[in-house]
Amino acid sequence: MFQITASTTVAPAGVALFDQENYKVDYGESPTTDAAGLLIRSVDLHQTALSERLLTIGRAGVGVNNIPLDKAVQQGIVVFNAPAANANGVKELVLAALAIGARPMLPASDWVHGLKGNDIDVQVEKGKKAYVGTELLGKQLGVIGLGHVGGLVANSASSTAFGMHVVGYDPYIQVDTAWNLSHHIHHAKNVSQVLQDSDYVTIHVPLTDETAEMLNAEAIAQMKPGSVLLNFARDDVVDEAAIIAALDRGHLRQYITDFATPKLIHHPKVLCFPHIGGSTDAAETNSAKMVVQTMKNYLETGNIRNSVTFPDTVMDFQAPLRLTLIHRNVPNMVGRMTEVLANYDLNIVNMVNRSNGDYAYTMIDLDALEAKRLQRIANKMAQIENVVRVRVIEQPK
Ligand SMILES: NC(=O)C1=CN([C@@H]2O[C@H](COP(=O)(O)OP(=O)(O)OC[C@H]3O[C@@H](n4cnc5c(N)ncnc54)[C@H](O)[C@@H]3O)[C@@H](O)[C@H]2O)C=CC1
Ligand SMILES: O=C(O)CCC(=O)C(=O)O
């Protein structure tokens, strides 16, 4: 029986996949880390102690900048997210934001709702000249980051429905994602090529050390005068002070973002949403279901798919018992592990070892043996230098 703590912000349809036969779920406001699995959305775990019992963290969403990934790996905790599961929801909001950037829909609506009297039709026809907008057709959209969200936004904007000229930049684009991009999208060789001539720029990169404040004063200065910047990625991929300065001097026309801050919410040229890119029924359900499936798979079989901390490591069970080990990626680890098993006269039926930077993951299927006895051997293996976590897993029935 695995103990799971899940945040109430995670969609119930996903949490329900933890079957009662194998899981005890605490579905609460502030989930603790003192369980085998922790299921969250955007809650920030950087200041939270991760208990030794914790085997896995599931992020029902994409961005994992709220999780201390290095600390998790060092403690032998495998982190999963839900790639692509909410991308369509974000794409639709970004397309709506583009339309809002082109036309003063919100001020126009605010104005009309404030009208009084019986001659609304007369007032409307007289006052509407204050709300003349522009069109997206023929304008240039620059997309930074052509992953699941950026790719969908780029394809939609370049389709006949929007008719925009789209220029995209992504030096690390995945082959699958590249195949799905429309041939109408022009590939920029650097960020400057995206910024220079675009009427709208939208950023869809993960927040990492490399992308932090990617759109700083220098980058913003390269943007076309009067252009609109959209940020539905993370607040820290832009330099907020530089954006406000560019809006104030009229260089940027508008900043539309999913990340509200005290300085942004009162600025007349800023439109903030309350981080709702992934807040649709479908996106929340898809994300929760996807990440719960991968957490369950890991807890029950040791197999890893869609982890942000380890490469995919999948092996069909070929014996009743399996050992899994998370360890530092240093020479001769496999030799030292197999030596212990040989000392106990155990026969390895199958084995897989994958590494990711400083850490690696090994799964070993062993000839029939009692789980209790194997646990004692596992305890010995846990004492091998550089081994972080050892688990014994019985083949699921
Ligand atoms: N507002 C919201 O509710 C949501 C926000 N997000 C944010 O959007 C980000 C992107 O989401 P997805 O497209 O699903 O992720 P993704 O992982 O599919 O795509 C990210 C893309 O950024 C590219 N990239 C990385 N570094 C780059 C750089 N320096 N320059 C240009 N491209 C770079 C990657 O190669 C990748 O193709 C997430 O990491 C998350 O922070 C995602 C979903 C919902
Ligand atoms: O609402 C959420 O869980 C956040 C969505 C998001 O920002 C993400 O998936 O990266």
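Residues numbered from 1 in each chain as written. Chains lettered and ligands numbered in written order. Predicted model: local features only at pLDDT ≥ 70, side-chain atom pairs only at ≥ 80, totals over all residues.

- In the annotation of an unreviewed UniProt entry, the protein is listed under the name D-3-phosphoglycerate dehydrogenase.
- Turning to the protein, the UniProt annotation filed under Sequence similarities (unreviewed entry) states: "Belongs to the D-isomer specific 2-hydroxyacid dehydrogenase family."
- Among the UniProt annotations of the protein, the heading Pathway (unreviewed entry) holds the following wording: "Amino-acid biosynthesis; L-serine biosynthesis; L-serine from 3-phospho-D-glycerate: step 1/3." (UniProt positions renumbered as here; feature names shortened; annotations may be inferred.)

Thoughts on the site of ligand 1
Next up, step 1: With respect to spatial proximity, 31 residues lie near ligand 1, and among them G63, G145, G147, P206 and G277 are the closest.
Next up, step 2: At the level of elements, α3 (87–102) and α6 (148–158) are the ones that each hand at least two residues to the shell around ligand 1.
Next up, step 3: Here the residues of the shell around ligand 1 are counted per class, giving 15 nonpolar, twelve polar and four charged.
Next up, step 4: When residues are assigned to domains, the shell around ligand 1 turns out to be shared by domain 1 (1–86 + 280–309) and domain 2 (87–99 + 135–272), each giving three or more. (Near = placed C-beta within 6 Å. Helix = DSSP H or I, 4+ residues; strand = E, 2+ residues; numbered from the N terminus. Nonpolar A, V, L, I, M, F, W, Y, C, P; charged D, E, K, R; others polar. Domains from an automatic or database assignment.)

Quick word on the sheet that holds strand β5 (residues 78–80)
Next up, step 1: Taken in spatial order, the five strands make up an open sheet running β2-β1-β3-β4-β5, and their pairing is parallel. Each end of this open sheet is capped by a strand with a single partner; those strands are β2 (23–28) and β5. Here the strands of the sheet are splayed against their neighbours by 15° on average, with no regard to which way each runs.
Next up, step 2: Bridge analysis of strand β1 (residues 2–7) against β2 gives six bridges, and the strand direction is parallel. Bridge pairing in β2 links I4 to V25.
Next up, step 3: Running at roughly 165° to strand β4 (residues 56–59), helix α12 (residues 281–301) makes contact with β1, β3 (37–40), β4 and β5 of the sheet. (Pairing = 2+ DSSP bridges. Axes fitted to C-alpha atoms, helices over the stretch in contact; angles between N-to-C directions. Contact = placed C-beta atoms within 7 Å.)

Quick word on the site of ligand 2
Next up, step 1: In the vicinity of ligand 2, the contacting residues are R41, S42, G61, V62, G63, N86, G277, G278 and S279.
Next up, step 2: The class makeup of the residues in the shell around ligand 2 is one nonpolar, seven polar and one charged.

Concerning the packing of α3 against α6
Next up, step 1: Axis separation between α3 and α6 bottoms out at 9 Å; the angle between their running directions is 45°. What the angle tells us is that α3 and α6 run oblique. The element α3 and its partner α6 pack so that their crossing is right-handed. Mapping the contact onto sequence places A87, N88, V90, K91, V94, L95 and L98 in α3 and H148, V149, L152, V153, S156 and A157 in α6.
Next up, step 2: Residues of the contact of α3 with α6, tallied by class, amount to nine nonpolar, three polar and one charged. (Parallel < 35°, antiparallel > 145°, perpendicular 65-115°, else oblique. Left-handed = near helix turned anticlockwise from the far one by under 90°.)

Details of the sheet that holds strand β10 (residues 227–231)
Next up, step 1: The parallel open sheet is built from seven strands, whose spatial order is β8-β7-β6-β9-β10-β11-β12. Since the sheet does not close on itself, it has two edges, and those belong to β8 (186–187) and β12 (270–272), each with one partner.
Next up, step 2: One ladder, built from two bridges, connects strand β7 (residues 165–169) with β8; its direction is parallel. Across the sheet, G168 pairs through a bridge with H187, a residue of β8.
Next up, step 3: On top of the sheet, α6 reaches β6 (140–144), β7 and β9 (200–203); it is set at about 160° to β7, its chief contact.
Next up, step 4: Where helix α10 (residues 240–248) meets the sheet, it contacts β10, β11 (252–257) and β12, and its direction lies at approximately 140° from that of β11.

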